[in-house]
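A structural walkthrough
Read off the chains here:
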Amino acid sequence: MRKWIALLLLAGTAAILFWTPRGNSQETTGGFTDYKVISHAMGGIRDHAYTNSYEAFIANYEKGNRVFEVDLLLTEDGNLVARHEWTQAMTELLQQEGQLPEARQAARLTYNEFKNSKILGAYAPLDWQDIMDLMERYPDIYIVTDMKEQDSEDRKRQLSLLVRSAQARDPQLLERVVPQIYNRPMLETVKAVYDFPSIIYTLYATQDTDDEVVDFVAENDIEAVTIPEQRVTRSFLSKLKKAGAAAYVNTINEPADANRFKRMGANGVYSDFLTEKEVESAGWLYALGK
């Protein structure tokens, strides 16, 4: 019996060291890379992804998540709002067809159209002011930005609007905003607007080789890299770690997959539905040999 108790204690200690979750913190004491889960599009709610909604944020915050990726676009009248894309497919996914005229269902919406169109008939859409409200109300969260505008000038406008709004309210908020960049030149675009303390280089849109990514990360002190699932290798993860960058894999919704990538060397995952606690549980199972 004593032997089994000792083994369980050792396994439990290993799991704790392996995952080091911080799901119940009331203020930020480290950085966003202390966490293993980045909630994709504010996280899923009731099996629905991509809502970027207030209720999705609350649901995932209450489950212990503290890092939230949000999709950002400009409305027709130049406001910054949380939406993945202006398409008919997205309007249908968010079940907003009955709230918008047919001619507006695949269009870039005005701010009023956006704010007055409930998501899934019940959930509140967020603009950047709303997100800053959340950051003030919940001082232990980080916001990872996914700038969805395709035109480089529109992305500059997004960044400028984001920064100006935060500086007007509380410049300290920008310490908890983590922009994603999609290619190497975009780093200079971001820095020209504001020198954010943390940057994520997300690789879904780049043709950079692994070695080019590693060199760029090392030369520019990039804090994290987001890697599509199909591009993950032990070698790449090892090189990124040596270069000083945390690696996140996107988008992963099964605990076993998150655990597999963590064992390969990833810091964590982007996920619609996983929580810090679930990832912690996966770590315990691995430590126990399950």
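Residues numbered from 1 in each chain as written. Predicted model: local features only at pLDDT ≥ 70, side-chain atom pairs only at ≥ 80, totals over all residues. Heavy atoms only, no water.

Moving on: helix α2 (residues 54-62). Of the positions making up α2, those classed as buried are A56, F57, I58, N60 and Y61. For α2, the secondary structure elements touched by its buried residues are β1 (37-39), β2 (67-74) and α5 (128-137). Just downstream of α2, G64 is the residue with a positive phi angle, here 110°. (Buried < 20%, exposed > 50% of the residue type's maximum accessible area, 1.4 Å probe, protein only. Helix = DSSP H or I, 4+ residues; strand = E, 2+ residues; numbered from the N terminus. Contact = heavy atoms within 4.5 Å.)

Looking at where T202 falls in the secondary structure, it is placed in strand β6 (residues 200-202). Its relative accessible area of 2% is what places T202 among the buried residues.

Within a regular strand, side chains alternate between the sheet's two faces. Most of strand β5 (residues 177-181) sits inside the fold, with five of its five residues counted as buried. Alternating residues of β5 divide into V177, P179 and I181 and V178 and Q180, and every residue in both groups is buried. Pairing of strand β4 (residues 142-147) with β5, which is carried by three bridges, proceeds in the parallel orientation. Looking at β5, one finds that I143 is bridged to V177. This β-α-β element, β4 to helix α6 (residues 152-169) to β5, shows right-handed connectivity. Note that β5 and β6 share two bridges and pair parallel. Residue Q180 lies in a different strand from β6, and its bridge partner there is I200. Between β5 and its parallel partner β6, the chain crosses via helix α7 (residues 185-193), and the hand of that crossover is right-handed. (Pairing = 2+ DSSP bridges. Right-handed = clockwise from strand over helix to strand, strands pointing away.)

The subject of this paragraph is the nonpolar core. Among the nonpolar cores identified, the biggest contains 68 residues, and L162 and F196 are the most heavily contacted of them. The contact partners of F196, leaving out residues within four places of it in the chain, are L159, L162, V163, L174, V177, P179 and V190. Among the nonpolar cores identified, the runner-up in size contains twelve residues, and F32, V67, A224 and Y248 belong to it. (Core = buried A, V, L, I, M, F, W, Y, C linked by side-chain atoms within 4.5 Å.)

Turning our eyes to something else, we now look at the packing of helix α8 (residues 210-220) against helix α9 (residues 234-242). Between α8 and α9, whose axes approach to 9 Å, the crossing angle comes to 15°. Here α8 is positioned roughly parallel relative to α9, judged by the angle of their axes. For α8 against α9, the interelement crossing comes out right-handed. Where α8 approaches α9, its residues D210, D211, V213, V214 and V217 are matched on the opposing element by F236, K239 and L240. When its residues are assigned to classes, the contact of α8 with α9 shows five nonpolar, no polar and three charged. (Axes fitted to C-alpha atoms, helices over the stretch in contact; angles between N-to-C directions. Parallel < 35°, antiparallel > 145°, perpendicular 65-115°, else oblique. Left-handed = near helix turned anticlockwise from the far one by under 90°. Nonpolar A, V, L, I, M, F, W, Y, C, P; charged D, E, K, R; others polar.)

Glancing now at empty space enclosed by the protein. Using a probe with the size of a water molecule, rolled over the atoms, empty space left in the structure can be pinpointed. One pass over the full model with this rule turns up one cavity of 30 Å³ or more. Of the volumes computed, that of the largest cavity is approximately 40 Å³. Of the residues in the lining of the largest cavity, the class split is five nonpolar, three polar and one charged. (1 Å grid on protein atoms, 1.4 Å probe; cavity = no way out; pocket = protein on both sides within 12 Å on 5 of 7 lines; lining within 4 Å. Points joined across faces, edges and corners; volume = space filled by probe spheres on them.)

Relative orientation of the contacting elements α5 and α6 amounts to 45°, with a least axis distance of 11 Å. Relative to α6, the element α5 is oriented oblique. Handedness of the crossing formed by α5 with α6: right-handed. Of the residues in α6, those in contact with W128, Q129, M132, D133 and E136 of α5 are L162, S165, A166 and R169.

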